[in-house]
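Descriptive analysis of the structure
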Amino acid sequence: MAGGGRRFEIGYALLPKKENSFIRESLVKQARSRGIDLVKIDMGRPLADQGPFDCVLHKLYGEDWRSQLEDFRSQNPNAVIIDSPAAIERLHNRISMLQVVSELKIENQSETFGIPKQIVIYDRETLFDDQAWELLKFPVIAKPLVADGSAKSHKMALVFNHEGLNKLKPPIVLQEFVNHGGVIFKVYVVGEYVKCVKRKSLPDVSEEKLNSLQGSLSFSQVSNLATHQKSDDKYYKMMHLEDTELPPQSFMTDIAKGLRRAMNLNLFNFDVIRDNRFGNRYLIIDINYFPGYAKMPGYETVLTDFFCDMVYRKERQVVVEKDSVEEYSQEAVVGTDGRLVLSCEKEIRKIVPNSCCSDGEEMENSIQV
Ligand SMILES: Nc1ncnc2c1ncn2[C@@H]1O[C@H](COP(=O)(O)OP(=O)(O)OP(=O)(O)O)[C@@H](O)[C@H]1O
Ligand SMILES: O=P(O)(O)O[C@H]1[C@H](OP(=O)(O)O)[C@@H](OP(=O)(O)O)[C@@H](O)[C@@H](O)[C@@H]1OP(=O)(O)O
Ligand SMILES: [Mg+2]
Ligand SMILES: [Mg+2]
């Protein structure tokens, strides 16, 4: 790191699969060269006894982990936890996950966005209740209500008619299947960074095809095939992925920013399809916490920039006594850890000359209250 400034430690707690795909030597090296050491959290010992880390990066769930994070936070009030378990929790239920999209307001003249029509079914009786079906028409996708990362939570069924409902096991979400040309857009968000890529999706279902199809079709993580699988795959070639135009970047960025703020999350992706019936209408169908970033070309730089942003920004946060806050020109913003912070003009001038900035980028300065 230039100038021999202080180093920062980021502790990470990930499942083995995630650790293997995400913590690559190339990422560790790049972060190290910019003053950040990535350190594996020892799950055999209390988190609060380790570090002390400047930042904790995690994708683990459960009560025990939550209370470990709380203990760690109370002992290290200045550390950044990416992201808060309460904020991540929202993504573990496919209804609360998309609710935030419905509440989002974005000014745009040429494109619109929303979510597909959907209902939640808690028991088998409601599954066959005509009233519940007033809103929807076949085909529908049945998705487990819970989206906790388990293999079960990714098991979906494309249901063509009433007969196909028999196999379903509530609680589920029934979502209208929307024809979208067989291509899905995955929008990766890393703090302020937004990257949209194309992936293979389910093919369109015409009215004609629908009449000839029976029951349902089960599938799992259809857009998540390895690259070599894709290029050998006749179906994949048939989808004309290369010919599909990406959605306007500024539109995706606006949605990403809106979601990031509303959910108070920094690391997520969302799946978007373009509704064939309109061509300028985009539907968000899924939001995932801490997705497979290593699939993004140059992910090491994107993630290292983000880590720098997190730790340097935090270093420049000055904790002040509540009653002295009035002296400053203030603007309230929500911090990365979900707490209210006040951006502070006067204090910025005092701190900036000594602080070390990653690649000379402008950073937000704040004081914590
Ligand atoms: N409403 C819909 N209309 C059309 N296709 C859909 C719809 N919902 C889902 N799909 C297709 O089904 C796939 C799986 O759905 P979804 O993304 O909700 O599942 P998931 O298991 O949470 O996926 P991920 O692996 O991204 O977490 C999507 O990638 C898309 O191809
Ligand atoms: O395994 P991959 O690297 O592909 O990442 C996938 C990730 O699995 P992992 O967290 O176990 O790694 C999934 O998380 P869970 O819902 O299962 O928690 C989910 O976020 C997918 O959408 C990701 O695929 P992508 O959306 O990026 O294509
Ligand atoms: Mg998805
Ligand atoms: Mg998902």
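On a predicted model such as this, the values are computed, not experimentally measured, just so you know. (Residues numbered from 1 in each chain as written. Chains lettered and ligands numbered in written order. Predicted model: local features only at pLDDT ≥ 70, side-chain atom pairs only at ≥ 80, totals over all residues. Heavy atoms only, no water.)

Looking at the UniProt feature "binding site: 1D-myo-inositol 1,3,4-trisphosphate" (unreviewed entry) in the protein chain
- The UniProt feature table records "binding site: 1D-myo-inositol 1,3,4-trisphosphate" (unreviewed entry) at Lys-18, Lys-59, His-154, Lys-186, Asn-288 and Gly-292.
- With respect to the secondary-structure elements, Lys-186 resides in strand β10 (residues 183-190).
- If sequence neighbours within four positions are ignored, Lys-186 has contacts with Lys-195, Cys-196, Val-197, Arg-199, Ser-223, Asn-269, Phe-270, Asp-271 and Asn-288.
- With respect to the secondary-structure elements, Gly-292 resides in the loop between β14 (281-289) and α11 (299-315).
- Setting aside residues no more than four positions away along its own chain, Gly-292 makes contact with Lys-18 and Tyr-188. (UniProt positions renumbered as here; feature names shortened; annotations may be inferred. Helix = DSSP H or I, 4+ residues; strand = E, 2+ residues; numbered from the N terminus. Contact = heavy atoms within 4.5 Å.)

Remarks on a negative patch on the surface
- On the surface, Glu-63, Asp-64, Glu-70 and Asp-71 cluster together into a patch of negative charge.
- For Glu-70, a relative accessible area of 53% gives the class exposed. (Patch = residues over 30% accessible without salt bridge, like charges linked within 9 Å, V, L, I, M, F, W, Y side chains within 5 Å. Areas by Shrake-Rupley, 256 points an atom, 1.4 Å probe, with all protein chains shown as cover. Salt bridge = Lys/Arg side-chain N within 4 Å of Asp/Glu carboxyl O. Lys, Arg positive; Asp, Glu negative; His and termini not counted. Charge placed at Lys NZ, Arg CZ, Asp CG, Glu CD. Buried < 20%, exposed > 50% of the residue type's maximum accessible area, 1.4 Å probe, protein only.)

Focus on the coordination of the magnesium ion (ligand 4)
- Summarising the metal site, the magnesium ion (ligand 4) is bound by the protein donors Asp-286 (OD), Asp-286 (OD) and Asn-288 (OD1), whose distances to it range over 2.1 to 2.7 Å.
- For Asp-286, a relative accessible area of 12% puts it in the buried group. (Donors = N, O, S within 2.8 Å, 3.2 Å for Na, K, Ca; no water.)

Considering the UniProt feature "binding site: Mg(2+) 1" (unreviewed entry) in the protein chain
- Per the UniProt record, "binding site: Mg(2+) 1" (unreviewed entry) is annotated on Asp-271 and Asp-286. What stands out for the annotated residues spanning 16 residues is how close their C-alpha atoms remain, the widest pair being 5.1 Å apart.
- Here Asp-271 shows up in strand β13 (residues 267-274).
- At 2.9 Å, the side chain of Asp-271 and the side chain of Lys-186 are in polar contact.
- Following the sequence through the fold, Asp-286 ends up in strand β14.
- Among the polar contacts made by the side chain of Asp-286, one reaches the side chain of Arg-94 at a distance of 3.5 Å. (Polar contact = N/O pair within 3.5 Å; in protein donor to acceptor, adjacent residues only side chain to side chain.)

Focus: the site of ligand 2
- Residues in contact with ligand 2 amount to 15 residues; listed here are only the nearest, Lys-17, Lys-59, Lys-186, Tyr-188 and Lys-295.
- In the environment of ligand 2, an oxygen atom lies 2.7 Å from a nitrogen or oxygen atom belonging to the side chain of Lys-17.
- Here an oxygen atom of ligand 2 and a side-chain polar atom of Tyr-188 are 2.7 Å apart.
- Across the complex, the protein chains shield 86% of the 550 Å² of accessible surface that ligand 2 would expose by itself.
- Looking at the shell around ligand 2, the elements that each hand over two or more residues are α1 (16-22) and β10.
- Considering only residue class, the shell around ligand 2 consists of three nonpolar, six polar and six charged. (Near = heavy atom within 4 Å. Nonpolar A, V, L, I, M, F, W, Y, C, P; charged D, E, K, R; others polar.)

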